[in-house]
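# Summary of the model geometry
Now for the letters of each chain:
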Amino acid sequence: MNLMNISKRIMRGGIEPVPVVVAAGDGIGPEIMEATLSILEAAGASLDLVPIEIGESVYKQGYSSGISPESWEHIRERKVILKGPITTPQGGGVKSLNVTLRKTLGLYANVRPCIAYDPYIPVRHPHLDVVIIRENEEDLYAGIEHRQTDQVFQCLKLITRPGCERIVRFAFEYALRRKRKKVTCFVKDNIMKLTDGLFKKVFYEISAEYPDLKADSMIVDIGMARLANAPELFDVIVLPNLYGDILSDIAAELSGSVGLAPSANIGENYAMFEAIHGSAPDIAGQNIANPSGLLLSAVKMLAYIGQGQVAERIHSAWMVTIEDGIHTADMYRSGTSQHKAGTQEFAKAVIERLGQNPSHLRRVTYAGDAMPRISPSRLPKASKNLIGIDVFIHDADSTPDELADLLKRSQTDRLQLVMITNRGVKVWPDGFPETFTTDHWRCRFQAGSDDQTVTHAEIIELLNALHHHNIDFIKTEHLYTFDGVPGFSLGQGQ
Ligand code: NAD
């Protein structure tokens, strides 16, 4: 799409146009954006569109984040973004713009409704109607990765209490406003007891404040399997970032096409609306892409900025189009679809149906904004006690027993070697000879029993001794208790 066309576009739907930043994006982005904007305009939206260029072309100009400083300024001023998909260049040196936007703007909640439009788009589960609320800033998407040895690479999974509180509260508030009945939390707390365990703990703490909503939790693997097999068991699902990313693609695909699902990224001060799919380079430029995901995202945006009536009008016309069997190729099913429409033709069909209401599909109302705004909470500090240190060591040659002998030469009066693990499995003392080991060892030093406090000076003394004995330590993690509770995991087998 010609960006100049967008820049000239002020949609005057009868009220003061609301400034919105528009980024067409890459691949199919310009085609579906053009289709979407034509519907918004015809429906009577009042928007003052400010176009920005992001994605591939901007990466190529040398901006490793995929966005220029001027575009950031536009976003900071307008605060609401309608965004097409972008192609993330492969390889090092560049960062995903999507992740950068979400994190820089504090868009902590990613709301992804997935609904079946059966029988118009026949699907395996005609009663699919779930809203996935994905934490959007934390988890493995902190993007903190390190190569530590020849063999070992690490990605840090960060989960914070304020982050959990915010997304969980958001999910319950959203469920209330949208008159949903149940909120389910997916985690893997049987393995990640501290990080995912925190998410679940906070989930149940906050659920107690919402007695009218049912609350339950599932281990993420069985939860995803159940959703794929029996989605009617679920209503609103709240989950950490990576699981949410995976689950929403599964749910979108179950709804008939990945091209159907919208999403809203909500923060305290900013909001960004985009389809969940990518730039679909395989079909770009062919005028066959489904604009529905972006259009329904724009509908959510209209509700967010107080133009709920226009949002309803568009959503209804879109449903009539679906009921009339006018479908893009990805939704087209011979037997039930009536006409295979191209991207712009589909948009025209929606425009022609503005003012009509669906006969069977359930109408959506946008009276008031369904998106809660939740401020981060401030938490009281715990009593924190330093009781030891995990020293990570690069050593490709030693056996566990040999390494333990080496390390014992460095241990101090205060800090004694108590355990060595390799890839999380205890290999000393009393390891199994069958356990496969790499060149990356976690060596735990503690001062006697669990609650004996040590000082930073004593830690430095230990590290100095390791240095003196030519031990190649590549990272350390302090071992703390918080209000007497250990803030670290045991070794598997410990
Ligand atoms: P994709 O979603 O672009 O495509 C997956 C499949 O779905 C393809 O067969 C595609 O043709 C089809 N598809 C997607 N959207 C469609 C639509 N609207 N209508 C009809 N068919 C559609 O996923 P991908 O191929 O893994 O990723 C392509 C690029 O998009 C990558 O560079 C990826 O990083 C990027 N991406 C961007 C976003 C975003 O900007 N939010 C999200 C996901 C992926």
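Computed from a prediction, not measured in an experiment: that's the story for all the values here. (Residues numbered from 1 in each chain as written. Predicted model: local features only at pLDDT ≥ 70, side-chain atom pairs only at ≥ 80, totals over all residues. Heavy atoms only, no water.)

## Regarding the pairing of strand β19 (residues 440-446)
Of all 7 residues in β19, 7 are buried, a share of seventy percent or more. Neither face of β19 is left uncovered, since the one carrying His440, Arg442, Arg444 and Gln446 and the one carrying Trp441, Cys443 and Phe445 both have all their residues buried. Examined bridge by bridge, strand β16 (residues 384-394) and β19 share 7 bridges and lie antiparallel to one another. In the strand pairing of β19, Gly388 is matched with Gln446. Sheet topology places strand β17 (residues 416-422) next to β19; 6 bridges connect them, and they run antiparallel. By the bridge assignment, Gln416 is partnered in β19 with Gln446. (Buried < 20%, exposed > 50% of the residue type's maximum accessible area, 1.4 Å probe, protein only. Helix = DSSP H or I, 4+ residues; strand = E, 2+ residues; numbered from the N terminus. Pairing = 2+ DSSP bridges.)

## A word on the environment of His339
Counting through the fold element by element, His339 comes out in strand β15 (residues 339-340). Put simply, His339 and Leu254 are 85 residues apart on the chain and 22 Å apart in space, counted from C-alpha to C-alpha. With sequence-adjacent residues up to four places away left out, His339 is seen in contact with Gly325, Ile326, His327, Tyr332 and Glu345. Of the polar contacts made by the side chain of His339, one reaches the side chain of Glu345; its length is 2.6 Å. (Contact = heavy atoms within 4.5 Å. Polar contact = N/O pair within 3.5 Å; in protein donor to acceptor, adjacent residues only side chain to side chain.)

## Here's the deal with the nonpolar core
In this structure, Leu40, Leu47, Phe170, Ile314 and Trp318 are the most contacted members of the largest nonpolar core, which totals 82 residues. Here this core takes 9 residues from helix α10 (residues 292-304), the largest share from any one element. When we break this core down by domain, the ones giving at least three residues each are domain 1 (1-105 + 265-364) and domain 2 (124-254). Setting aside its immediate chain neighbours within four residues, Phe170 contacts Tyr108, Ala109, Val111, Ile133, Ile266, Met371, Pro372 and Ile374. Listed in part, the 23 residues of the second largest apolar core include Ile389, Ile393, Val427 and Ile471. (Core = buried A, V, L, I, M, F, W, Y, C linked by side-chain atoms within 4.5 Å. Domains from an automatic or database assignment.)

## Examining the site of the ligand
Taken together, 21 residues lie near the ligand, and Ile86, Gly278, Ala280, Asp282 and Asn290 sit nearest. Between a nitrogen atom of the ligand and a side-chain N or O atom of His277, the distance comes to 3.2 Å. The protein chains hide 67% of the 810 Å² of surface that the ligand would expose on its own. In terms of residue class, the shell around the ligand is made up of 9 nonpolar, 8 polar and 4 charged. (Near = heavy atom within 4 Å. Areas by Shrake-Rupley, 256 points an atom, 1.4 Å probe, with all protein chains shown as cover. Nonpolar A, V, L, I, M, F, W, Y, C, P; charged D, E, K, R; others polar.)

## So, the sheet that holds strand β11 (residues 236-239)
Pairing in this open sheet of 11 strands is mixed, and the strands run β1-β3-β2-β4-β13-β12-β5-β6-β11-β9-β10 from one edge to the other. Pairing within the sheet leaves two strands with one partner each, and these edge strands are β1 (10-11) and β10 (214-219). Where strand β4 (residues 80-83) lies against strand β13 (residues 271-275), 3 bridges are found, and the strand directions are parallel. From the neighbouring strand, Ile81 faces β13, where its bridge partner is Met272.

## Here's the deal with the packing of aromatic side chains
For the coordinates displayed, the defined rule picks out 9 aromatic pairs. On the basis of an interplanar angle of 35° and a centroid distance of 5.4 Å, the ring pair of Phe172 and Phe203 is categorised as tilted. Note that Phe172 is positioned in helix α6 (residues 161-177) and Phe203 in helix α7 (residues 195-207), a separation of 31 residues in sequence. Assigned by exposure class, Phe172 and Phe203 land together as buried. Seen in terms of ring centroids, Phe203 and Tyr204 are 5.2 Å apart; in terms of plane orientation they differ by 80°. Their pairing is edge-to-face. You can call Phe203 buried: its relative accessible area is 0%. Overall, the relative accessible area of 35% leaves Tyr204 in the partly exposed class. In this structure an aromatic cluster arises from ring pairing among Phe172, Phe203, Tyr204 and Tyr210. (Phe/Tyr/Trp six-rings, centres within 6.5 Å; stacked < 30°, edge-to-face > 60°.)

## Things to note about the domain arrangement of the chain
Partitioning the chain into structural domains gives domain 1 (1-105 + 265-364), domain 2 (124-254) and domain 3 (384-486). Once you take the C-alpha centre of each, domain 1 and domain 2 turn out to be 26 Å apart. Contact residues are listed per partner, giving 10 residues for domain 1 and 13 residues for domain 2. Interface area, domain 1 with domain 2, both sides summed: about 830 Å², of which 44% is carbon and sulfur. Broken down residue by residue, the surface that domain 1 buries against domain 2 is led by Arg102, Lys103 and Ile276, which jointly contribute 56%. (Buried area = accessible area lost by both parts, 1.4 Å probe.)

## Considering the pairing of strand β3 (residues 47-51)
The sheet contact formed by β1 and β3 spans 2 bridges and is antiparallel. Looking at β3, one finds that Ile10 is bridged to Asp48. Running through helix α2 (residues 29-43), the crossover from strand β2 (residues 18-23) to the neighbouring parallel element β3 is right-handed. (Right-handed = clockwise from strand over helix to strand, strands pointing away.)

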